[in-house]
Amino acid sequence: MLIPPLALLTRLTATAQGLFLFPLLMLCVPLLALAFEGRVTDAVNGRPVAGATVTANGMAVTTDADGHYQLQSTTQHVQARAVGYQRTSVTWAGDSSQAPLIRLVPLRPKALYLSVYGAGNPAVRDAALKLLSSTELNALVIDIKGDRGLVPYPSAVAQAAQCGARSLTTVQDMGVLVALLKEQGIYLIARIVAFKDDLLAQAHPEWSVKAADGSLFRDREHFAWIDPFQREAWDYLLDLGAEAAAMGFDEIQYDYVRFPDSRGLLFSQPNTEANRVAAVTGFLQAAHRRLAPYNVFLAADVFGYTAWNNNDTSIGQNLAALSQAVDYLSPMLYPSGFQFGIPGAPDPVRQPYDIVLQTLQHAAARTGIAPLRFRPWLQAFRDYAFDRRPFDADEIRAQIHAAEQAGSDGWMLWNPRNSYSSEGLRQQE
């Protein structure tokens, strides 16, 4: 039979042995008092939030079905987050073992993307902010490391300068920009292009993907890639993610977290499906561990067809495996990217609603995870694969409606030129 700690203390102190052990047990009492507990609820309806992550002093626990958690910690500052909500923190005074109620505010991020160049261009950035102030938009995706490997701000991550990623500065102080945007209530997502990195691959050819003849592989855009099996290269990406989290970004989103979609390449390990999935998932698990103290969400961009393919699409992206490592999966559901259509939607650019809705529904059914774990990328640029049609109000609204019907956690509009308008967007009430 287990004896409660205080009862055990009383029993032992009543004997000679207890008298000897009393000082030792008194040292243990403060440790027992360090435990505190609390609850996490929905700020709107007061219902408990199950599965929320609560963090204190780098330790993280998950709330149970009643929103309850318990932590062993010396701090009185607790952070919390949950899928579908804004992250938050609470601080309380005194030595109470009962933490104050943590209320999470529901949030569905609706974002525009700003590239390395767009984030630092006042005209482009101000145009985006104007849309955020006048429409339903409430979030921004900002490049921390872009498609060409550039890091557009004075980063403290040494590798950024060493590999040449700091050859261009478009944002003089990313921390200041983040603070200004957060003051406006904007949800901020830091996009980090992962294994497609021409600059890092050239600086470290020992980490790079090789062509069949052993030379540096280059893709259709003539960019080199990092071999995802090379764990030494992961540190750079993880360091950038941690730096973005420390600056105040709400979410860290890794893009190109995959293998190149080309055949006949050479890697440092056998190019099998099991190995590819283990490498991609392993990297995201490492990111999850690294980012845990910051109370930020973690997301991964994935190919749209990964929702339909039973394998890893030959790039290491297996939805079921990825879902175990991240908070959000962000499939790129651009109708122009579905060159072969999907069941019931053979003409994607004419059926943008069907492409988005059916793909999200299929992805949720296949993985068994909640639709709220998905936040899709939607097309806000001219078609390039079918009839070159512009994607204007009707196409954009159809995609948004489909994402919302599917129950996703918001959506993100992609335009590589960062050229957006209010077409297809609801105006603020």
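Not measured: the values here are computed from a predicted model.

A. Region of interest: the pairing of strand β3 (residues 59–62). Relative to β3, strand β2 (residues 53–56) runs antiparallel, the two being bridged by four bridges. Its bridge partner lying in β3, T55 is registered against A60.

B. Structural view of the side chain of K196. Mapped onto the elements of the fold, K196 is located in the loop between β10 (187–193) and α7 (198–203). Side-chain polar atoms of K196 contact the side chain of E221, separated by 2.4 Å. Every residue in contact with K196, bar those within four places of it in the chain, is listed here: K145, D147, D219, E221, F223, A224, W225 and Y256.

C. The arrangement of the pattern of salt bridges in detail. As enumerated under the stated definition, the model contains 23 salt bridges in all. Here D409 makes a salt bridge to R108, at a shortest N to O gap of 3.9 Å. Linking D409 in the loop between α12 (393–406) and β15 (411–414) with R108 in the loop between β7 (102–104) and β8 (110–114), this pair joins segments that are 301 residues apart in sequence. Among the residues examined, D409 registers a relative accessible area of 0% and is labelled buried. Judged by its relative accessible area of 35%, R108 is partly exposed. A salt bridge links E136 to R426; its shortest N-O distance comes to 3.3 Å. Of this pair, E136 sits in the loop between α4 (122–134) and β9 (139–145) while R426 sits in the segment after β15, and the two are 290 residues apart along the sequence.

D. Looking closely at the sheet that holds strand β1 (residues 35–42). Strand order in the open sheet formed by three strands is β4-β1-β7, and the pairing between neighbours is mixed. At either margin of the open sheet sits one strand with a lone partner, and together these are β4 (68–72) and β7. The average undirected angle you get between the axes of adjacent strands in this sheet is 30 degrees. Here β1 pairs with β7 via three bridges, running parallel. Along β7, the bridge assignment pairs V40 with I102.

E. Structural detail: the environment of F386. Examined against the element boundaries, F386 turns out to sit in the loop between β14 (377–379) and α12. Discounting residues that sit within four places of it in the chain, F386 has contacts with P335, S336, F338, Q339, P348 and V349.

F. Seen up close, the sheet that holds strand β6 (residues 88–91). An order of β3-β2-β5-β6 is seen for the four strands of this open sheet, with the pairing classed as antiparallel. Every interior strand has two partners, whereas the edge strands, β3 and β6, have only one. Across the sheet, the mean angle separating the axes of adjacent strands is 25 degrees when strand polarity is ignored.

G. Spotlight on helix α11 (residues 352–367). The end-to-end C-alpha distance of α11 is 23 Å, a good match for the 22 Å that 16 residues give at a rise of 1.5 Å each. For α11, every residue scored as buried is listed here: P352, I355, V356, L357, T359, L360, A363, A364 and T367. The secondary structure elements touched by the buried residues of α11 are α10 (319–323), β13 (328–332), β14 and α12.

Cut-offs used in this document
- Residues numbered from 1 in each chain as written.
- Predicted model: local features only at pLDDT ≥ 70, side-chain atom pairs only at ≥ 80, totals over all residues.
- Heavy atoms only, no water.
- Pairing = 2+ DSSP bridges.
- Helix = DSSP H or I, 4+ residues; strand = E, 2+ residues; numbered from the N terminus.
- Polar contact = N/O pair within 3.5 Å; in protein donor to acceptor, adjacent residues only side chain to side chain.
- Contact = heavy atoms within 4.5 Å.
- Salt bridge = Lys/Arg side-chain N within 4 Å of Asp/Glu carboxyl O.
- Buried < 20%, exposed > 50% of the residue type's maximum accessible area, 1.4 Å probe, protein only.
- Axes fitted to C-alpha atoms, helices over the stretch in contact; angles between N-to-C directions.
- Expected span 1.5 Å × (residues − 1).

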